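Descriptive structure summary
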Amino acid sequence: MSSIAQRLGREVIDTVSRQFYAQIRVHPQLAPIFAVVHDWPRHEAHISHFWWTVLGGDAYLDNQYNVARKHLDIGVTPALVDEWLALFEPIVRQHVASPDADEWLRKARMIGQSIALMNTPLD
């Protein structure tokens, strides 16, 4: 059975990443948080590889990912995770048919939950 990554191909995943980060750069709440990124093509390639592997593709780069820690370090809050997901979903749905889009978004929500949990203060 083929993975979502194999069914979509790298080009679709790259397109989703590029379009998503183009919108991030102009988003009123997310743009300031992501202002730490200075090399957008490199960042987009890094994230495309991340999604490729999350969606079941074989790694083609030797990247390490610590998603929750990276987002904690730049100040991503649970509210910003919600903004991130609201921006991400229509882009995925524009380029990916269900059920692959549903599964990709399920994985994105799980990742978002881990970021939100890590960035929620303990009472």
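Here is a short report on the structure shown in this document. All of these numbers come straight from a predicted model, not from anything done at the bench. Starting from 1, residues in each chain are numbered consecutively following that chain's sequence as written. Residues qualify for local features only when their pLDDT is at least 70, as the model is predicted, and side-chain atom pairs are given and counted only at 80 or more; totals for whole chains, interfaces and linings, by contrast, use all residues. Excluded from the side-chain calculations are hydrogens and water; all other atoms, namely the structure's heavy atoms, are used.

Glancing now at helix H4 (residues 40-54). Where helices and strands are cited, they refer to DSSP runs of H or I of at least four residues and of E of at least two residues respectively, numbered from the N terminus. The span one expects for a helix is its residue count, reduced by one, times 1.5 Å. For H4, spanning 15 residues, the distance from its first C-alpha to its last is 21 Å, which sits close to the expected 21 Å at 1.5 Å a residue. Only protein chains enter the calculation, and the probe is 1.4 Å; a residue is then buried if its accessible area is under 20% of its type maximum, exposed if over 50%, and partly exposed in between. Those residues of H4 that fall on the buried side of the exposure criterion are Trp-40, His-43, Glu-44, Ile-47, Ser-48, His-49, Phe-50, Trp-51 and Trp-52. The backbone nitrogen of Arg-42 has a side-chain oxygen 3.2 Å away, supplied by the residue at the start of H4, namely Asp-39. Gly-56 sits one or two positions beyond H4 and adopts a positive phi of about 100°. Polar contact criterion, stated in full: a pair of N or O atoms within 3.5 Å, where within protein one must be able to donate a hydrogen and the other to accept it, and residues adjacent in sequence count only if both atoms are side-chain atoms.

For the purposes of this section, nonpolar cores are sets of buried Ala, Val, Leu, Ile, Met, Phe, Trp, Tyr and Cys residues that join through side-chain atoms within 4.5 Å. Counting 35 residues, the largest nonpolar core has Ile-24, Trp-51, Trp-84, Phe-88 and Trp-104 as the members making the most contacts within it. Elements represented by at least two residues in this core include exactly helix H1 (4-8), helix H2 (10-24), helix H3 (30-33), H4, helix H6 (78-95) and helix H7 (100-118). Among the elements that take part in this core, H6 stands out by supplying eight residues, more than any other. Contacts: residue pairs with any heavy atoms within 4.5 Å of one another. Setting aside anything within four residues of it in sequence, one finds Phe-88 in contact with Val-16, Phe-20, Trp-51, Trp-104, Leu-105 and Ala-108.

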